[in-house]
Amino acid sequence: MKHVVKIMVLLVAISACWIGLLQTSIIPRSHTWLLPIYFVISLGCYGLLMVGVGLMNFPTCPQEALLLQQDIVEAKEFLKRRGVDVVSE
């Protein structure tokens, strides 16, 4: 629940800043209307960046890889016993 509250507070704060900029003449009105679009695009770029960083730092699990290879061998043997032709490279 805390995460939802943080997101809502952030959205309210951003909305308040945006409405404040619309009310004042600090930024031209034509630019102010585009701020939500810039925000969404920035959020998308941030998301892509985080996915890229996560992929670059993806942990390798050698123990899990060995277990997976054992499972593959067991599955091939099981299928051969059932009469399914399994081609191994």
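What you see is a predicted model, and the numbers here were worked out from it, not measured in a lab.

K.L.:
Describe the overall build of the protein chain, naming the residues involved and giving the relevant values.
P.N.:
Within the protein chain one finds four helices and zero strands. Element order for the protein chain, N to C, with α for helix and β for strand: α-α-α-α. Taking 89 residues into account, the globule formula puts the C-alpha radius of gyration at 12 Å, and the protein chain, at 26 Å, lies well above it. The C-alpha extent of the protein chain, read off along each of the three principal axes, is 75 × 30 × 25 Å. Across the 89 residues that make up the protein chain, the buried fraction comes to 3%. With the model as given, the accessible surface of the protein chain reaches about 8,200 Å², and the carbon-plus-sulfur share is 71%. Once the 7 positive and 6 negative side-chain charges of the protein chain are each reduced to a mean point, those two points are 18 Å apart.

K.L.:
So what about a nonpolar patch on the surface? Which residues, and what values?
P.N.:
Residues Phe 39, Val 40, Leu 43, Tyr 46, Leu 49, Met 50, Val 53 and Met 56 make up a contiguous nonpolar surface patch of about 790 Å² in total accessible area. Position of Tyr 46 relative to the elements: it lies in helix α3 (residues 35–56).

K.L.:
Lay out the confidence of the model for the protein chain with the relevant residues and their values.
P.N.:
Taken over all residues, the pLDDT of the protein chain has a mean of 86, while the share at 70 or more is 97%. The spread of mean pLDDT over the elements of the protein chain runs between helix α2 (residues 29–32), the lowest at 76, and helix α4 (residues 62–81), the highest at 91.

K.L.:
Tell me about the layout of surface pockets, and name the residues and values.
P.N.:
Reported here for the largest pocket is a volume of approximately 190 Å³. Along the walls of the largest pocket sit Leu 11, Ile 14, Ser 15, Cys 17, Trp 18, Leu 21, Leu 35, Pro 36 and Phe 39, which together make up its complete lining. Those elements that provide at least two residues to the lining of the largest pocket are α1 (2–23) and α3. Residues of the lining of the largest pocket, tallied by class, amount to eight nonpolar, one polar and no charged.

K.L.:
Please provide a residue-by-residue account of the packing of aromatic side chains, values included.
P.N.:
Following the criterion strictly, the structure yields one aromatic pair and no others. Aromatic pair Trp 18 and Trp 33: ring centres 5.6 Å apart, planes at 85°, arrangement edge-to-face. Of this pair, Trp 18 sits in helix α1 while Trp 33 is found in the loop between α2 and α3, placing the two residues 15 residues apart along the sequence. What makes Trp 18 partly exposed here is its relative accessible area of 24%.

Rules used throughout
Residues numbered from 1 in each chain as written. Predicted model: local features only at pLDDT ≥ 70, side-chain atom pairs only at ≥ 80, totals over all residues. Heavy atoms only, no water. Helix = DSSP H or I, 4+ residues; strand = E, 2+ residues; numbered from the N terminus. Rg over C-alpha atoms; globule rule 2.2 N^0.38 Å. Buried < 20%, exposed > 50% of the residue type's maximum accessible area, 1.4 Å probe, protein only. Areas by Shrake-Rupley, 256 points an atom, 1.4 Å probe, with all protein chains shown as cover. Lys, Arg positive; Asp, Glu negative; His and termini not counted. Charge placed at Lys NZ, Arg CZ, Asp CG, Glu CD. Patch = residues over 30% accessible without salt bridge, like charges linked within 9 Å, V, L, I, M, F, W, Y side chains within 5 Å. Salt bridge = Lys/Arg side-chain N within 4 Å of Asp/Glu carboxyl O. pLDDT = per-residue confidence, 0-100. 1 Å grid on protein atoms, 1.4 Å probe; cavity = no way out; pocket = protein on both sides within 12 Å on 5 of 7 lines; lining within 4 Å. Points joined across faces, edges and corners; volume = space filled by probe spheres on them. Nonpolar A, V, L, I, M, F, W, Y, C, P; charged D, E, K, R; others polar. Phe/Tyr/Trp six-rings, centres within 6.5 Å; stacked < 30°, edge-to-face > 60°.

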